[in-house]
Amino acid sequence: MCIRDSLTSIGVFASLTHGNFDATVSTPNFMYNQLVEKKNGTWQYTPLKYWPNNDSDKISFFAYAPHNATGVTPSNAIQKGYPSFTYTTPTAEADQVDLLAATPIISQNGGSVDFKMQHALTKVVFNVKSNDDITGKVITAFSITGAKSGTLAFHVPANDDDKGFGWTYPSTVTAETFTATTKSLSVPDKSTPEEAMLCTYFLLPTNIGNTFNITYTYIGIKGTQTVTLTNQPLPSLDKWLSGAFVSYTIGIDKKVVTATTESHPTWGNGGQGSVDGTIN
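Keep in mind the model is a prediction, meaning the values are calculated, not measured.

Some details on the sheet that holds strand β6 (residues 72–74)
And step 1. If you trace the four strands from one edge of the open sheet to the other, you get β6-β7-β14-β15, paired in antiparallel fashion. Of all the strands in the sheet, just β6 and β15 (165–168) have a single pairing partner and so form its edges. Going from strand to strand, the sheet's axes swing by 25° on average, the running direction of each strand aside.

As for unusual backbone geometry
And step 1. In this chain, Thr-46 is followed by Pro-47 through a cis amide linkage whose omega measures 0°.
And step 2. By the secondary structure assignment, Pro-47 is in the loop between β4 (42–44) and β5 (57–65).
And step 3. Cis geometry marks the peptide bond from Ala-65 to Pro-66; its omega dihedral reads -10°.
And step 4. Among the structural elements, Pro-66 can be located in the loop between β5 and β6.

Concerning the confidence of the model for the protein chain
And step 1. For the protein chain, mean pLDDT is 89; residues scoring 70 or higher make up 92% of the total.
And step 2. Here residues 1–5 is modelled with pLDDT under 50, and outside its nearest four sequence neighbours on either side it reaches 21 contacts, counting other chains as well.
And step 3. Contacts for the low-pLDDT stretch residues 269–280, under 50 throughout, to residues beyond four places or in other chains number 39 contacts.

What about the packing of aromatic side chains?
And step 1. For the coordinates displayed, the defined rule picks out 15 aromatic pairs.
And step 2. Between Tyr-64 and Phe-85, the aromatic rings sit 5.2 Å apart at their centres with planes inclined by 45°, giving tilted as the arrangement. Linking Tyr-64 in strand β5 with Phe-85 in strand β7 (residues 84–88), this pair joins segments that are 21 residues apart in sequence. Neither residue differs from the other here; Tyr-64 and Phe-85 are each classed as buried.
And step 3. An aromatic cluster of three or more residues is present, and its members are Phe-13, Tyr-32, Tyr-64, Phe-85 and Trp-167.
And step 4. Here Lys-49 stacks its cationic end above the ring of Phe-30, 4.7 Å away from the centre of that ring.
And step 5. Positioned above the aromatic ring of Phe-245 is the side chain of Lys-123, whose terminal nitrogen or guanidinium carbon lies 4.5 Å from the ring centre.

The rules we used
Residues numbered from 1 in each chain as written. Predicted model: local features only at pLDDT ≥ 70, side-chain atom pairs only at ≥ 80, totals over all residues. Heavy atoms only, no water. Pairing = 2+ DSSP bridges. Helix = DSSP H or I, 4+ residues; strand = E, 2+ residues; numbered from the N terminus. Axes fitted to C-alpha atoms, helices over the stretch in contact; angles between N-to-C directions. pLDDT = per-residue confidence, 0-100. Contact = heavy atoms within 4.5 Å. Phe/Tyr/Trp six-rings, centres within 6.5 Å; stacked < 30°, edge-to-face > 60°. Buried < 20%, exposed > 50% of the residue type's maximum accessible area, 1.4 Å probe, protein only. Lys NZ or Arg CZ within 6 Å of the ring centre and 35° of its normal.

Have a look at this one:
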């Protein structure tokens with residue numbers, strides 16, 4: 001197996017079929033959430049499996065990474081059709097991962113298996129800056145709300161732009177609050193052109209119910225003042241797609257915040273998304 005990414009583990013499902021893969025009857029009977037690890041620069045797994053010696057037998061592969069990532073619950077071993085998994089996003093920024101999924105490799109009978117891993121979530125980065133002349137602003141808490149869980153299911157790609165997987169969500173989406181690690185971040189003064197990075201999230205690619213909450217302090221004429229703003233809107237939620245990289249800059253005035261977005265057409269080895277828009 002060959003996996004072109006800086007990974008240390010992947011999970012693999014594989015179906016052995018007498019003929020081509022048939023989603024009505026096929027199950028992951030060849031590999032079920034098989035751990036494949038990178039050791040000493042080589043991808044290894046046990047027990048070792050072999051290609052069938054009958055030309056009419058085929059194997060189809062489906063993979064994700066990291067293996068058994070926190071929040072991943074695979075479909076069961078007897079489920080017919082394409083494998084899937086539910087993903088519940090960890091609530092703490094530090095616990096979230098860049099979840100990857102591979103374009104399926106269907107009905108093979110020999111050779112190497114080269115998984116094309118792609119970003120499955122939306123990368124969301126928040127930066128902060130000052131919008132007025134008040135100095136000494138400090139962010140003491142930040143969080144974002146979004147979809148708690150969704151289900152990723154594999155499928156045969158319809159064209160070259162199709163990743164071979166997609167997300168679905170419950171009819172009633174449960175919102176969750178995702179807390180940033182940073183507890184005390186100084187906001188750059190208006191005279192400083194650079195922004196300060198506040199946090200990086202890896203979140204489900206859906207625009208349902210995404211808002212942010214922020215608490216910050218500043219020094220006023222009456223001493224230290226604390227401002228807490230909740231359920232603040234975000235622009236460009238339609239750009240929250242699998243593999244999209246969306247960054248927001250939070251401009252902070254004395255008692256008002258403004259969220260703007262920036263365009264990031266590519267992200268790492270893949271994933272595209274362009275964002276624009278402003279909400280005051």
